[in-house]
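# Structural description and commentary
So the chains spell out like this:
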Amino acid sequence: MAYKIEAQGLDAAGLGRQIQAHPGPVEVVGCLGQRFIGAGMQRKKIRVTGIPGNALGAYLNGGEIEVCANAQDAVGDTMNDGTIVIHGDVGDTVGYAMRGGEIYVEGSAGYRAGVHMKEYQDKVPVMVIGGRAGSFLGEYQAGGVILVLGLTGSGPIAGNFPCAGMHGGKVLLRCRPEELLFPGQVTALPASAQDLDAVRPYLEEFCRRFGKDLSVILNAPFTLAVPDSRNPYRQMYVAN
Amino acid sequence: MGQWEVYPEFEVVRSSARCTKCLGCVAQCANGVHQYDGAQLTCDSAKCVDCHRCVAMCPARALKIVKADCALRENSNWDSQTIKEIFKQAQSGGVLLSSMGTPKPYPVYWDKLLLNASQVTNPSIDPLREPMETRVCLGKKPGRPQRGPDGRFTCELPPQLKLAMPMLFSAMSYGSVSYNAHEALARAAEELGVYYNTGEGGLHEDFYAYSPNTIVQVASGRFGVHEGYLNAGAAIEIKMGQGAKPGIGGHLPGTKVGADISRTRMIPEGSDAISPAPHHDIYSIEDLRQLVYSLKQSTHHKKPIIVKVAAVHNIAAIASGIARSGADIIAIDGFRGGTGAAPTRIRDNVGIPIELALAAVDQRLRDEGIRNQVGIIAGGSIRSSADVAKAIALGADAVYIATAALLALGCHLCRTCQTGMCNWGIATQRPELVARLDPKEGAKRLVNLMTAWNHEIMEMLGGMGINSIEALRGNRLMLRGIGLTAKELEILGVAHAGE
Ligand code: SF4
Ligand code: SF4
């Protein structure tokens, strides 16, 4: 059984101390905007009901955080490992510079989802967004996998300037390439069966977490966006 | 020469009377200036960057580098540098990229400030005989004495950085400088009881041993940043800006990202490491506060957080915002500061001198009654112990030193770090060049330099009749301006010499 922590009346630091004090799984109830839940955490499981504040799971290094509501900005900032599951929408810059671990969002994400996402050796971060993404999706992306499924919400599956400055990793969107305008240094083509096979485990996990049907998700065209070069700015300078 | 080439800037002069043809110069110059065809030693002066490596290493003292006297027809509007820059851009279409601090003749206010000394009353103190304190604690200080329920003073302070002398080595990333340069800085920081700064390139696994003397940096690209890295540092520095290139981010080209750098930055080999100027999650002081507190929270409120900004217009208001963001220390970097690579136009035209910025910030924080809430580190071309003393009198708690530290390691300020061919083993990743810098010897030279400066600071303090560095901080009565306008004196908050 998870140890229950009543968040009401606690500030972020106080809540952080209580979470830290319990080695086993904890359930935070009545959360009211407290920031930094699980920041720098190494292991164990946190379940959050109520609304958590910004920077949930920042520098997360293991374990799992599950939120039964919407989350705010900077979820999983610079996360290195572990899993974050959001049963709702997330705010801006979800997964900023994440280098490892997985983030599953049932709903939509705000601006700059996956900005600076990177990968390193066996660390390949994954972010699955069930709904839509705001502008600058995957900005400066240097590694990792971003999946946007467009299962909820309306309008384009991602806002303006997807993959601006991208120089590594890949973005898969459940749409046709011509539905979005990509920058010059990115190639966006219809995803092949192999492309989808490569991310199938993450889609299965998404379906398992949120009770979705994989065949419905796969029954639509996907676009794969990858950068042309890992060195996009090479030709720009002259030594002086 | 070809139609679009300009005459080389330097000429390599070899005394054939002295030269023994040992070929040491051929081996020493990574730029390939010296060549030997089996019979004759020749040199291609066009490739020379005037780094003085061959000069220093020539056992016969047969070499010298002179400024070429083949001159373009200059005038005071179109000097030869400006003309050559136009030629380069017309040829390449590229953005001009330079290294180290700006060479332009902007005013250096340190040289227009004079220190005081006691005469007759308040006698001066001899640091060789009498105790003299140069220790500094950097961090938040309580606004008033706190007492516990038993009426006794509570002496618990927010986390502080304790420095044996008011100087730290400022951020230089592993990538912009070599492994051996980092090792020399780390060793010296440990021995001196001060700190060195990882810069934004992560912390090499070998250097976790020096973590009590390490400041770890977090920049927009978050290279090598993870929970272990954050907890390894004695303090965490958020890099918002750099004096040499305000508004411009860091960019380590993929060619410099070899195996070791890739491990430290935690990115694949050969991938560009891009740290754009903005943190894309910070658009306000409230957002900065969020990053400050997320770092505090994930390190259990045990580490002071430094926010580093470039000295720009309105720096006083910016610093006030930072002080209110919850940061423990503000580092202000003036526009004469060095860099491994910066667009020339930015380096030479953006930002303001550290002296004016520092004086304005210290005054503003005092006026607002929040000076005690932050420590101030000033950087951006601190060249001597006199600069240190003047910076402290203008309001700094301590100073950041980088270019002077590199000079101690052998740098000859050839300002071509961006090529990655540093013949002194500092701004390079080529193993054969890196091996030229002995980290132990380098550390010794850094310790020598800092120890000498610290002693000079004590002598200056003693002369002023002050026996602790704390008593000099913000003590502008100890400064007088020389040859400055009324407005400059007003901003610096000092009287003119003779007043
Ligand atoms: S670049 Fe340096 S080592 Fe090479 S010739 Fe010039 S001064 Fe000598
Ligand atoms: S670090 Fe090396 S390349 Fe840079 S200025 Fe100094 S000697 Fe030249």
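Computed from a predicted model, the values in this text were never measured in an experiment. (Residues numbered from 1 in each chain as written. Chains lettered and ligands numbered in written order. Predicted model: local features only at pLDDT ≥ 70, side-chain atom pairs only at ≥ 80, totals over all residues. Heavy atoms only, no water.)

## Quick word on the interface of chain A and chain B
Between chain A and chain B, the contact holds 41 residues from the first and 47 residues from the second. Between chain A and chain B lies a buried interface of about 3800 Å² when both sides are counted; carbon and sulfur atoms form 54% of it. The set of elements that each furnish at least two residues to the side of chain A that touches chain B consists of α1 (12-21) and β12 (237-239) of chain A. The greatest single-element share of the side of chain A that touches chain B, amounting to 4 residues, is contributed by α1 of chain A. Residues that form the side of chain A that touches chain B fall into these classes: 19 nonpolar, 14 polar and 8 charged. Two strands pair when backbone bridges link them, and β12 of chain A and strand β5 (residues 95-98) of chain B are joined in this way by 3 bridges, in the parallel orientation. Paired with Val 238 of chain A across the two strands is Leu 96 of chain B, which belongs to β5 of chain B. (Contact = heavy atoms within 4.5 Å. Buried area = accessible area lost by both parts, 1.4 Å probe. Helix = DSSP H or I, 4+ residues; strand = E, 2+ residues; numbered from the N terminus. Nonpolar A, V, L, I, M, F, W, Y, C, P; charged D, E, K, R; others polar. Pairing = 2+ DSSP bridges.)

## Observations regarding the domain arrangement of chain B
Residues and elements named next belong to chain B. For chain B, the assigned domains read domain 1 (10-94) and domain 2 (136-496). Summarising the inter-unit geometry, the C-alpha centres of domain 1 and domain 2 are found 35 Å apart. Contacts between the two partners involve 13 residues from domain 1 and, on the opposite side, 10 residues from domain 2. Between domain 1 and domain 2, the buried area comes to about 1000 Å², and carbon and sulfur atoms account for 50% of it. Where domain 1 packs against domain 2, one counts 1 salt bridge. One salt bridge connects Glu 85 with Arg 345, and the closest N-O pair in it is separated by 2.9 Å. For the pair domain 1 and domain 2, the interface holds 5 residue pairs in polar contact (both at pLDDT 80 or more). Of the residues in the side of domain 1 that touches domain 2, the class split is 6 nonpolar, 4 polar and 3 charged. (Domains from an automatic or database assignment. Salt bridge = Lys/Arg side-chain N within 4 Å of Asp/Glu carboxyl O. Polar contact = N/O pair within 3.5 Å; in protein donor to acceptor, adjacent residues only side chain to side chain.)

## Examining the environment of Asn 423 of chain B
All names here are of chain B. Positionally, Asn 423 belongs in the loop between α12 (403-408) and α13 (431-434). Spatially, the C-alpha atom of Asn 423 lies 8.8 Å from that of Cys 411, the residues being 12 residues apart in sequence. When neighbours within four sequence positions are excluded, Asn 423 is seen to be in contact with Gln 28, Cys 29, Ala 30, Asn 31, Cys 51, Arg 53, Leu 433 and Arg 436. A polar contact is formed between the side chain of Asn 423 and the backbone nitrogen of Ala 30, at a distance of 2.9 Å.

## What about the confidence of the model for chain B?
Caution is warranted with low-pLDDT regions, since their predicted coordinates should not be read in detail. Mean pLDDT for chain B: 94, with 100% of residues reaching 70 or above. Both scores are given for the predicted complex: the pTM is 0.93, the ipTM 0.89. (pLDDT = per-residue confidence, 0-100.)

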